[in-house]
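# Report on the structure
In case you want the letters, here they are:
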Amino acid sequence: MKLLLGILLPPVGIFLTYGVGPTLFINIGLTLLGWIPGSIHAVWAISKRNEMNREGTL
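As recorded in an unreviewed UniProt entry, the protein goes by YqaE/Pmp3 family membrane protein and comes from Plectonema cf. radiosum LEGE 06105. Heading Sequence similarities (unreviewed entry) of the UniProt record for the protein holds this comment: "Belongs to the UPF0057 (PMP3) family."

Put into structure tokens, the structure is as follows:
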């Protein structure tokens, strides 16, 4: 679900994953430059967080 939001509404997906912080502000800036850079960053950041969570629980 977060990945889908990361594609459609990048700042919302980042907010749900990271909360308010530097990653959110970077994503808002990229989204203001264009929807595609914001979406790419969101998908990358959400995937990275999911990967780190999986490695930490093993």
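### Quick notes on the nonpolar core
Among the nonpolar cores identified, the biggest contains 5 residues, and these are Ile-14, Leu-24, Ala-42, Ala-45 and Ile-46. Among the elements that take part in this core, helix α4 (residues 35–57) stands out by supplying 3 residues, more than any other. When neighbours within four sequence positions are excluded, Ile-46 is seen to be in contact with Lys-2, Leu-3, Gly-6, Gly-13, Ile-14 and Thr-17.

Reading guide: rules and limits
- Residues numbered from 1 in each chain as written.
- Predicted model: local features only at pLDDT ≥ 70, side-chain atom pairs only at ≥ 80, totals over all residues.
- Heavy atoms only, no water.
- UniProt positions renumbered as here; feature names shortened; annotations may be inferred.
- Core = buried A, V, L, I, M, F, W, Y, C linked by side-chain atoms within 4.5 Å.
- Buried < 20%, exposed > 50% of the residue type's maximum accessible area, 1.4 Å probe, protein only.
- Helix = DSSP H or I, 4+ residues; strand = E, 2+ residues; numbered from the N terminus.
- Contact = heavy atoms within 4.5 Å.

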